Amino acid sequence: MNNLPKVELHLHLEGAAPPAFIRGLAAEKKEDLSGIFDENGAYKYRDFWDFLKVYEAATSVLTTPEDYRRLTLAVLEESAASGVIYSETFLSPDFCGGRDVGAWREYLAAIREAADEAEVNDGIVLRGVITCIRHFGPDKARETAICAAETAGDWVVGFGIAGDEKAGKPKDFAWAFDCAREAGLRLTAHAGEWGGPDSVRDALDDLGVERIGHGVRAIEDLALVDRLAEDGIVLEVCPGSNVALGVYPNWRAHPIHRLRERGVTVTVSTDDPPFFHTTMNNEYDRLADAFEWDDGVFEEIARNSAKAAFCDDATKEKIFKKLETP
Ligand code: ADE
Ligand code: ZN
């Protein structure tokens, strides 16, 4: 599936950091991060909650806009190598300047500089979706939303929420989502990964999102599946992440195929690729193996992903052209 052009809608920038990149940065800064790597140099964690800790430990050596410029270049090089032509990445002002608007602007400028360079060199287009972190709580989410609103525009195109899905309720974050919506940002929320169908319903009803990050556990309630299909709610599905973290025991048990068959718009992303030993090419190959999906299915998924992208129409037109004539 290396030859197919791909559109990725769910990628955490820090979660996409190659382990060697983080190790190099830790060595430069004389920080000891050896505890988060295994004997092969890969990230090491026990379960989702430990994964979040390791993620935050790895992120702790990303302390300057220049670190993020280099990170963005490294990440986009990997994505482009998998045939990704358009990517939306989650960015957290929590990690980029501690939610101070002035500092956040500097991090954002550095990330955009790298994105411009990668667009020229590799033809990959990047846009940002600002995320608050659920387990950091609603007060910090408000500050994050203000950073997002202050920088909303043609590059910062969306707002979302990630982190521990079991911390608090979506409605605790309604102010942050209202603020982002009023600034013109499009909305998505992680739900239905660790929480059941109710977590997806709450994200839709209390936050008014048009896309759901994961959302796969909606399959446990077919009335909800039908609602997703009828309302055109798009799922940012990350099958390799779900299998690696144990949401499903193997690829064949993953509900992406059943959701699609029942009319839900599913897209395919990697979430935090090196953590889950995956790439977009690997996701496509495993899905083709597990469900006998042919190129036609993947081409439809890429078109649906482009439709569901949060970028402006002119950018979308360019993506569609590339999908038509790879
Ligand atoms: N942050 C990074 N990856 C995540 C995931 N899969 N779920 C929730 N928060 C995350
Ligand atoms: Zn995610």
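Residues numbered from 1 in each chain as written. Chains lettered and ligands numbered in written order. Predicted model: local features only at pLDDT ≥ 70, side-chain atom pairs only at ≥ 80, totals over all residues. Heavy atoms only, no water.

Colleague: Sorry if this is basic, but what is going on with the site of ligand 1 here?
Modeller: Within the structure, ligand 1 sits among His12, Phe48, Phe51, Tyr55, Ala162, Gly163, His190, Glu193, His214, Asp271 and Asp272. In the environment of ligand 1, a nitrogen atom lies 2.9 Å from a nitrogen or oxygen atom belonging to the backbone of Gly163. One nitrogen or oxygen atom from the side chain of Asp272 is found 2.7 Å from a nitrogen atom belonging to ligand 1. If ligand 1 stood free it would expose 260 Å²; the protein chains cover 96% of that surface. (Near = heavy atom within 4 Å. Polar contact = N/O pair within 3.5 Å; in protein donor to acceptor, adjacent residues only side chain to side chain. Areas by Shrake-Rupley, 256 points an atom, 1.4 Å probe, with all protein chains shown as cover.)

Colleague: Would you mind showing me how to read the coordination of the zinc ion (ligand 2) here?
Modeller: Note on metal sites: the ideal angle is 109.5 degrees for four tetrahedral donors, and 90 or 180 degrees for six octahedral donors. On the protein side, the zinc ion (ligand 2) has His10 (NE2), His12 (NE2), His190 (NE2) and Asp271 (OD) as donor atoms, found 2.1 to 2.2 Å from it. One can describe the site at the zinc ion (ligand 2) as irregular: its four donor atoms subtend angles covering 87 to 172° at the metal. Sequence positions of the donors to the zinc ion (ligand 2) reduce to the motif H-x1-H-x177-H-x80-D. With a gap of 178 residues between them, His12 in strand S1 (residues 6-12) and His190 in strand S5 (residues 186-191) connect regions that are remote in the sequence. His190 matches His12 in its accessibility class, with the two residues each being buried. (Donors = N, O, S within 2.8 Å, 3.2 Å for Na, K, Ca; no water. Tetrahedral: all angles 85-135°; square planar, octahedral: opposite > 155°, others 65-115°. Helix = DSSP H or I, 4+ residues; strand = E, 2+ residues; numbered from the N terminus. Buried < 20%, exposed > 50% of the residue type's maximum accessible area, 1.4 Å probe, protein only.)

Colleague: Looking at this structure, how should I read the sheet that holds strand S6 (residues 211-214)?
Modeller: In a beta sheet, neighbouring strands are held together by backbone hydrogen bonds and run either parallel or antiparallel to one another. Taken together, the eight strands give an open sheet; going across it, the order is S1-S2-S3-S4-S5-S6-S7-S8, and neighbouring strands pair in parallel fashion. With partners counted over all chains shown, the strands left at the sheet margins are S1 and strand S8 (265-268), one partner each. Each strand of the sheet is rotated relative to its neighbour by a mean of 25°, with strand direction disregarded. Across two bridges, strand S4 (residues 156-162) lies against S5 in parallel orientation. Counterpart to Gly158 in the pairing with S5 is Arg186. The strands that helix H3 (residues 65-81) touches are S1, strand S2 (84-91) and strand S3 (125-133); relative to S1, the one it contacts most, it runs at about 145°. (Pairing = 2+ DSSP bridges. Axes fitted to C-alpha atoms, helices over the stretch in contact; angles between N-to-C directions. Contact = heavy atoms within 4.5 Å.)

Colleague: Which parts of the structure should I look at to understand the nonpolar core?
Modeller: Grouped burial of nonpolar side chains is what soluble globular proteins tend to show. Core analysis: the largest hydrophobic core is formed by 96 residues, its most contacted members being Ile22, Phe159 and Phe177. Beyond its immediate chain neighbours, meaning those up to four positions away, Ile22 contacts Ala17, Leu33, Phe37, Tyr43, Ala58, Val61 and Leu62. By size, the runner-up hydrophobic cluster in this structure holds 14 residues, among which are Tyr86, Cys311, Phe320 and Leu323. (Core = buried A, V, L, I, M, F, W, Y, C linked by side-chain atoms within 4.5 Å.)

Colleague: Help me understand the pairing of S2 in this model?
Modeller: Note on strand geometry: in a regular strand, side chains alternate between the two faces of the sheet. Burial analysis of S2 places eight of its eight residues in the buried class, which makes it a mostly covered element. Summarising the sheet, S1 and S2 pair through five bridges and their orientation is parallel. Considered in S2, the bridge of His12 is made with Phe90. Pairing between S2 and S3: six bridges, direction parallel. Paired with Thr89 across the bridge in S3 is Gly128.

Colleague: Explain the packing of H3 against helix H4 (residues 101-122) here, please?
Modeller: Working note: a packed helix pair is described by the angle between its axes plus the distance between those axes. The interhelical angle for the contact between H3 and H4, taken along N-to-C directions, is 30°, at an axis separation of 8 Å. Classified by the interaxial angle, the pair formed by H3 and H4 is roughly parallel. The element H3 and its partner H4 pack so that their crossing is right-handed. Counting all contacts with H3, which are made through Pro65, Tyr68, Arg69, Thr72, Leu73, Leu76, Glu77 and Ala80, the residues of H4 involved are Glu106, Tyr107, Ala110, Ile111, Glu113, Ala114, Ala115, Glu117, Ala118 and Asp122. The residue makeup of the contact of H3 with H4, split by class, is 11 nonpolar, one polar and six charged. (Parallel < 35°, antiparallel > 145°, perpendicular 65-115°, else oblique. Left-handed = near helix turned anticlockwise from the far one by under 90°. Nonpolar A, V, L, I, M, F, W, Y, C, P; charged D, E, K, R; others polar.)

Colleague: Is there a simple way to think about the pattern of salt bridges in this case?
Modeller: Side chains that differ in charge, positive against negative, can pair when their charged atoms come close. Across all of its chains, the model carries 21 salt bridges by this definition. The partner of Arg186 in a salt bridge is Glu210, with the nearest N and O atoms 2.8 Å apart. Pair noted here: Arg186 is in strand S5 and Glu210 is in the loop between helix H7 (197-207) and S6, with a separation of 24 residues, a long-range link. Owing to a relative accessible area of 32%, Glu210 belongs among the partly exposed residues under this scheme. It is possible to trace a salt-bridge network through shared partners that takes in Glu88, Arg211 and Glu236. (Salt bridge = Lys/Arg side-chain N within 4 Å of Asp/Glu carboxyl O.)

Colleague: Help me out: how do you make sense of the side chain of Glu236 in this one?
Modeller: Relative to the helices and strands, Glu236 resides in strand S7 (residues 234-237). Polar side-chain contacts of Glu236 include one of 2.7 Å to the side chain of His10. Within polar-contact distance, the side chain of Glu236 engages the side chain of Thr188 at 2.8 Å. Setting aside its immediate chain neighbours within four residues, Glu236 contacts Leu9, His10, Phe90, Thr188, Arg211, Ile212, Gly213, His214 and Thr267.

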